[in-house]
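# Structure assessment
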Amino acid sequence: MIASVEDDKAEAVVQIDLRGRSDMADYMVICSGRSTRQVVTIAEKLGDRLKHEFGMVCKTEGKETGDWVLLDAGDVIVHVFRPEVREFYDLEKMWQPGGHMGIGVREED
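Below, the structure is looked at part by part. (Residues numbered from 1 in each chain as written. Predicted model: local features only at pLDDT ≥ 70, side-chain atom pairs only at ≥ 80, totals over all residues. Heavy atoms only, no water.)

Within the chain, the secondary structure is distributed over 4 helices and 5 strands. The helix and strand sequence of the chain, counted from the amino end, reads α-β-β-α-β-β-β-α-α. Each of the 109 residues in the chain was classed as buried or not, and the buried ones make up 37%. Long-range contacts, defined here as pairs at least 24 residues apart, represent 50% of the contacts in the chain between residues at least 6 apart. Accessible area for the chain stands at about 7,000 Å²; split by element, carbon and sulfur atoms hold 49% of it. (Helix = DSSP H or I, 4+ residues; strand = E, 2+ residues; numbered from the N terminus. Buried < 20%, exposed > 50% of the residue type's maximum accessible area, 1.4 Å probe, protein only. Contact = heavy atoms within 4.5 Å. Areas by Shrake-Rupley, 256 points an atom, 1.4 Å probe, with all protein chains shown as cover.)

Take a look at the structure:
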């Protein structure tokens, strides 16, 4: 997956290991495209490659606007952002080891 998005000129590609930290996936890949058109193209090409090379059909959300496209490939979740949107949501900070997840976290009394 990383090679695919890099081939399509995705920028700032990050892979985060979620094993043992989340039930939704084992890995998360986050990358950026320079424009809404590039974001959608990166996501579409990755979805096509996964389908044709591995027989995987990904669930995709966000292609209509192209600000943030999410591909759910089962054990891997891929987020393709426009840089401004990526900076706003800052998923790396939330999901990197040592990051604060915020949701469902409660301090002990």
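Of note, A12 is a non-glycine position whose phi angle comes to about 50 degrees, a positive value. Locating A12 in the fold gives a position in strand β1 (residues 11-17). The class for A12 is exposed, based on a relative accessible area of 53%.

This part covers the pattern of salt bridges. In the structure shown here, the tally under the stated rule is 6 salt bridges. D17 is paired through a salt bridge with R19; the nearest N and O atoms lie 2.5 Å apart. Owing to a relative accessible area of 32%, D17 belongs among the partly exposed residues under this scheme. R82 is the salt-bridge partner of D67, the closest N and O atoms lying 2.6 Å from each other. One end of the pair, D67, is in the loop between β3 (59-61) and β4 (68-72); the other, R82, is in the loop between β5 (76-81) and α3 (83-89), and 15 residues separate them in sequence. Judged by relative accessible area, which is 21%, R82 ranks as partly exposed. Several salt bridges converge on common partners, so that one network encompasses D67, R82 and E84. (Salt bridge = Lys/Arg side-chain N within 4 Å of Asp/Glu carboxyl O.)

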